Amino acid sequence: MTTPREKLVIGIDLGTTQTCVAVIRNNHTIVFPNEQGYFTTPTIVSFTKNQILIGNAAENIKSRNIENTIYDSKRLIGRDYYDQIVQKDKQYWKFKIEEEPNSKRPQYIIKKGNKIDKYFPEEISSLILQKVKQISSDYLGYDVEDAVITVPAHFNNAQRTATKEAAINAGFNKIRIINEPTAAAIAYGLDNFSDQERKVLIFDFGGGTFDISILKIKGKKFEVLTSCGDSHLGGEDLTLRLTENIFKQFNEENNKQIDFFKPEYINKFYKTRNIAERAKKELSTALETFLDIDFLNNDGNFFINLTRGQFEGMCEDIFEKCILLIGKALKDAKLKKEEINDIVLAGGTSRIPKIQNMIHNYFGKEIKKTINPDEAIAVGAAYLGNIKDNNIIEIIDITNYSIGIEDHEGKMQIIVPRGTLIPQKDKKTFFKFFMPKHDYIKRYNVKVYEGENVYVKNNHLLEQFSVSVEEKKKKEENIIKIKIEIDKDSIIKVTAMTNDIVSEPPITIEKSKLYTEEDMKTFRSHAQEFKEKEKEKTKIIVAKEKIVSLNEELRKSINSNDSGSKFSRNEIQKMQNIYNKTNKWLNDNYDSSLEDCNSKINELLKSINEYNKKK
Ligand SMILES: Nc1ncnc2c1ncn2[C@@H]1O[C@H](COP(=O)(O)OP(=O)(O)OP(=O)(O)O)[C@@H](O)[C@H]1O
Ligand SMILES: [Mg+2]
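Because the structure is a prediction, the values reported are computed rather than measured.

Here we come to the overall build of the chain. Counting its secondary structure elements, the chain contains 14 helices and 28 strands. A burial count over the chain gives 39% of its 615 residues as buried. The contacts in the chain between residues at least 6 apart in sequence include a share of 67% that link residues at least 24 apart.

Moving on: the nonpolar core. Ile 12, Val 45, Ala 184 and Ile 202 are the most contacted members of the largest nonpolar core, which totals 112 residues. Here this core takes eight residues from helix α11 (residues 376-385), the largest share from any one element. Inspection of this core shows a minimum of three residues originating in each of domain 1 (4-176) and domain 3 (399-509). Dropping the residues within four chain positions of it, Ile 12 is found in contact with Thr 19, Val 21, Leu 129, Val 132, Ala 147, Ile 149, Thr 150, Ala 378 and Ala 381. Formed by 10 residues, the second largest nonpolar core is a distinct cluster that contains Ile 246, Ile 275, Leu 283 and Leu 306.

What follows covers the site of ligand 1. Taken together, 23 residues form the shell around ligand 1, and within it Gly 15, Thr 16, Gly 206, Gly 235 and Gly 348 come nearest. Listed by contribution, the elements that provide at least two residues to the shell around ligand 1 are α6 (235-253) and α7 (266-282). Split into classes, the residues belonging to the shell around ligand 1 amount to one nonpolar, 14 polar and eight charged. Two domains each put at least three residues into the shell around ligand 1: domain 1 (4-176) and domain 2 (235-316).

Attention now moves to α6. With 19 residues, α6 ought to run about 27 Å at 1.5 Å a step, and its terminal C-alpha atoms sit 27 Å apart, in line with that. All buried positions along α6 are accounted for by Gly 235, Glu 236, Leu 238, Thr 239, Leu 242, Thr 243, Ile 246 and Phe 247. On its buried side, α6 packs onto α7, β16 (288-292), β17 (303-307), α8 (308-314) and α9 (316-332). A positive backbone phi angle near 55° is found at Asn 255, which sits one or two residues after α6.

Next up on the list: the pairing of strand β19 (residues 394-398). Summarising the sheet, strand β15 (residues 221-230) and β19 pair through three bridges and their orientation is parallel. Opposite Lys 221, over in β19, you have Glu 394 as the bridge partner. Bridge count between β19 and strand β22 (residues 421-422): two bridges; the pairing is antiparallel. Looking at the pairing, Ile 398 lines up with Leu 421 of β22.

What follows covers the sheet that holds strand β7 (residues 69-70). What the three strands build is an open sheet, ordered β6-β5-β7; its pairing is antiparallel. A single partner strand is all that each edge strand has here, and the edge strands are β6 (52-54) and β7. Judged from the three bridges that link them, strand β5 (residues 45-47) and β6 form a sheet pairing that is antiparallel. Residue pairing across strands places Ser 46 opposite Leu 53, the latter belonging to β6.

Turning our eyes to something else, we now look at the sheet that holds strand β18 (residues 342-346). Judged by pairing direction, the sheet is mixed, and its six strands sit side by side in the order β18-β13-β14-β15-β19-β22 without closing on themselves. Looking at the sheet topology across the chains shown, the edges are occupied by β18 and β22. Two strands pair when backbone bridges link them, and strand β13 (residues 198-205) and β18 are joined in this way by five bridges, in the parallel orientation. In the sheet register, Asp 204 faces β18, and the bridge partner there is Ala 346. Against the sheet, α9 engages β13, β14 (210-218) and β15, with an angle of about 135° to β15.

Moving on: the packing of α9 against helix α10 (residues 353-363). Where α9 contacts α10, the axes come no closer than 10 Å and their chain directions differ by 35°. Helix-helix and strand crossings are classified by hand; for α9 and α10 the assignment is right-handed. Facing α9, whose interface residues are Phe 319, Cys 322, Ile 323 and Ile 326, α10 presents Lys 354, Ile 355, Met 358 and Tyr 362. Here the residues of the contact of α9 with α10 are counted per class, giving seven nonpolar, no polar and one charged.

Parameters and conventions
Residues numbered from 1 in each chain as written. Chains lettered and ligands numbered in written order. Predicted model: local features only at pLDDT ≥ 70, side-chain atom pairs only at ≥ 80, totals over all residues. Helix = DSSP H or I, 4+ residues; strand = E, 2+ residues; numbered from the N terminus. Buried ≥ 20, exposed ≤ 12 C-beta atoms within 10 Å, placed from the backbone. Contact = placed C-beta atoms within 7 Å. Core = buried A, V, L, I, M, F, W, Y, C linked by C-beta atoms within 7 Å. Domains from an automatic or database assignment. Near = placed C-beta within 6 Å. Nonpolar A, V, L, I, M, F, W, Y, C, P; charged D, E, K, R; others polar. Expected span 1.5 Å × (residues − 1). Pairing = 2+ DSSP bridges. Axes fitted to C-alpha atoms, helices over the stretch in contact; angles between N-to-C directions. Left-handed = near helix turned anticlockwise from the far one by under 90°.

Set out below in structure tokens:
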């Protein structure tokens, strides 16, 4: 690899289902193709006995390695094991997760031969990020170090910091986190540059998340007016809805009551889901599609003709939810729909015609389709990463959750309301907090939360710490002042002091602090394991090519014997057997270790040498 004068910053759209990576070089956008030539890489990791496969390779092996193939990790990142969403999703996943007792976080249980290994969701994201770092480094010819990574607008603090930790773990140096719709707006705004102020609604419907943002764009200034959405609504839900309907129709037509979600039907479930995914996409262009699902029946013969209208009927409630959220976004931004100048679509699910029609009817105007919904977010992030001083992009963002502390009744006392402009550098927010009326206490425990519920127990705990209380003071005068600052990456800093300025060091809520040093050690060893496995993978590929060429040599020896008879019929038969056995071995052993390959090479060489002597 060469050392360039200036290393470029890459933009990464780390999606629930697809990950896309881009860069801006000499004012040109490059979306990096992966090793198979695709411009997006599936966000999937598959652990086999000897390898860790990522992206298309993992996707290809998924059906043969169901329990050890991990997808949807973005739906788990930064959540606790007993989070309602985790518990609900768990029933649809075919890999195993369990609670890690110290951190209360979910962990994937991976079988590597006889060994069991455990991975946190952040580690799966980290492997994906390592992969796209490699793709970009290979393309640019140097080791890429810095990245702008996008997250859904309403990812909370834990989800953002977990994503950042995943990137650090993947070996990135400088990392900036921005919101996906903001990145899409940058890509759109710079492509459609205008000095006139425009209000733009970004409708970003991806694989696992749904976001709506309204921005004011003027030149290179991007001001977020509002963001809302559903961190758990995406194309995956539509595929699941169709899969459920296929099972329902099958049971009705065949007078059966099979629960295909049970583990014993794992293969049928996956196969049906894949067919549903294909059909869903097809119906975005075709009016009707044919689903051949005869493997559900022992005697075969089960298929469905599905029209676009039928599919739309099945998913009506989901589509309506999206439109309702547009209304909420407009209300939050205090705008009428007529005031929106442009509507921009991002995310693969926004390709569905019904969704486009509903948006069109709602606003009564054309939707802008000038940006590629699969690549716009990565491209916008790349723009932001490669700003030169004379080419400033200004982003004014807002908080998507209120931040506050718990009062003596367990209620949330809001300090920074949702929708506050960030960064908040100089704008100090002080909060006066009275002690509960009981005996004097030396230290007071402050708990900082984010969320919109009146009671803190329903919100998300960001941090807790204690501050000392001045002894001489009377209890009613014991006031704690809390100052909250938020930087441009939404990283929160809390400072607390009593009225006597018994100052405590500021607490930065950046690290999720849920991991022990021991966890971090495991993270590092997993990352190292992947690096070593990648090196070994290259050696395995070389070894397999050697096996193929040696076997070819053997075949030639067998064929050349047709003209003269150097070998007896018995010997020829033995050679033919070795040739066939080796071919079968190559087919069956996609997951062979380097050791297995080398012993196969030795075995072949031995046979070939033996026969060569006779030549
Ligand atoms: N032509 C199409 N019609 C309908 N759905 C589509 C089409 N193309 C892609 N999709 C769906 O789009 C989703 C993937 O979109 P995208 O790549 O934008 O999501 P993501 O970035 O992986 O997820 P997220 O942004 O939610 O984290 C998948 O659910 C896929 O089935
Ligand atoms: Mg996306």
